[in-house]
Structure formats: structure tokens, C-alpha cells
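As a plain string of letters, each chain reads:
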Amino acid sequence: MMRLDNPMDQNPDAPATGAPKNFTSENADTLKARAKRLRAALANRDVRVSHAGSLELMAQSCGFRDWNTALAMTRRNAASMDVADLGIGKRFAGSYLGHAVTGKILGLTGTPVAGVYRIEVHLDHAVDVVASKHFTGYRQRIAARINKDCEPVLASGQRGPGLSIDLLL
């Protein structure tokens, strides 16, 4: 009999993957029900999976790094974020350069441009910020600019690539 408690234990250093492009915002209850059915189906084949393990497997089967990231994406459109909700030490889920990420807020300051804020975060897992097949550049601490809706912006305040804060954990 095989036992699998947490599939992420197999490769804890794996970089974050972005949300699948065809993912529709299923609600958390639907994903939990699918995870429960998966756990039952595996048990019928003498594969024991913990509840947390089945949630992680379900999230990964949808293309997410882990359950927290999948949960954040299901809630992304349910509640809009505002920069006033952010604070030092708060944990978050979001995206950075196409990678789904979770982490902790280290700092948040205003900039000379109205409505633009500088945020510093420490990611739970380093992400590759280089778009090349020839080399990698992993970052775990990043500083970025966001607008009042916690969306990535350039120094000028125009939308651009970067960090978006989608959900406080």
C-alpha cells in the first residue's frame, strides 16, 4: 500500500507555476468536492492520501503550485483588494511575472506619483524571473510598484508587468 501525505514534499524547491490560462474561477467548495472524490478513488486502489494531500493533488492537477494558490485564484474575483488592506507582516497570494506566488509583506510606502505604492515582499518560494531557456535567475525577495487596487504598475503609474496582490491569507 502506498501512502502520500503531501505531494509537495517530493520537490519542495520546485519553482512556482502560474495559474493555467484556461482556468475558470471554480469556487473553493467545488475544488474541495473534487479533492474528496479523488481521495475516495485513490483509496479504492489502495493508495492512501491525507485530506491535505488530496487538496494539494487537486490544485496541482489544475496547474497550480499548491492548494493555497488555487484557493487564492478562486477568491481573486470574489473580493477586490485595496492597498489600505495591506500591512507589514501580512501574508498574501498573488502573481509575479506570470508565476502564482505566496509570501509576506515586508514594507509598503507611497511614491511621488499619486496612487502608486512601492511594496517589498518575501516570497515563500523563489521564482525564476528570467525568460530564457539558457539560464535562470531566481528571486525570493522582491520590490515592486502597485496601484491602489494592488495591481502591477510602472513607475509612471501605467499598468505593467510585476507583482499583483490578489488575496490576503
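The structure presented is a predicted model; accordingly, all values stated were derived computationally and were not measured. (Residues numbered from 1 in each chain as written. Predicted model: local features only at pLDDT ≥ 70, side-chain atom pairs only at ≥ 80, totals over all residues. Heavy atoms only, no water.)

Q: Explain the sheet that holds strand E3 (residues 91-96) to me, please; I cannot follow it from the model alone.
A: Taken in spatial order, the 5 strands line up as E6-E5-E4-E3-E7 in an open sheet, and their pairing is antiparallel. This sheet does not close on itself; its edge strands, each paired only once, are strand E6 (138-147) and strand E7 (163-168). Direction aside, neighbouring strands of the sheet carry axes that sit 40 degrees apart on average. Direction of pairing for strand E5 (residues 116-128) relative to E6: antiparallel, over a ladder of 9 bridges. Within E6, the residue paired with isoleucine 119 across the bridge is alanine 144. (Pairing = 2+ DSSP bridges. Helix = DSSP H or I, 4+ residues; strand = E, 2+ residues; numbered from the N terminus. Axes fitted to C-alpha atoms, helices over the stretch in contact; angles between N-to-C directions.)

Q: What's the story with the confidence of the model for the protein in this structure? I'm lost.
A: As a note on interpretation, predicted positions should not be read in detail where pLDDT is low. For the protein, per-residue confidence averages 79 on the pLDDT scale, and 80% of positions sit at 70 or higher. Across the protein, the element-wise mean pLDDT spans from 44 in strand E1 (residues 2-4) up to 94 in E5. Throughout residues 1-18 the model reports pLDDT below 50, and contacts reaching past four residues in sequence, or to other chains, amount to 39 contacts. (pLDDT = per-residue confidence, 0-100. Contact = heavy atoms within 4.5 Å.)

Q: Could you clarify how one ought to interpret the nonpolar core in this entry?
A: Across soluble globular proteins, nonpolar side chains show a tendency to be buried alongside one another. With 17 residues, the main nonpolar core has Leu86, Phe92, Ile119, Val121, Leu163 and Ile165 as its most contacted residues. If one sorts the elements of this core by residue count, E5 sits on top with 4 residues. Apart from the residues lying within four places of it in its own chain, the contact partners of isoleucine 119 are Leu86, Ile105, Gly107, Leu108, Ile142, Ala143, Ala144, Ile146, Leu163 and Ile165. (Core = buried A, V, L, I, M, F, W, Y, C linked by side-chain atoms within 4.5 Å. Buried < 20%, exposed > 50% of the residue type's maximum accessible area, 1.4 Å probe, protein only.)

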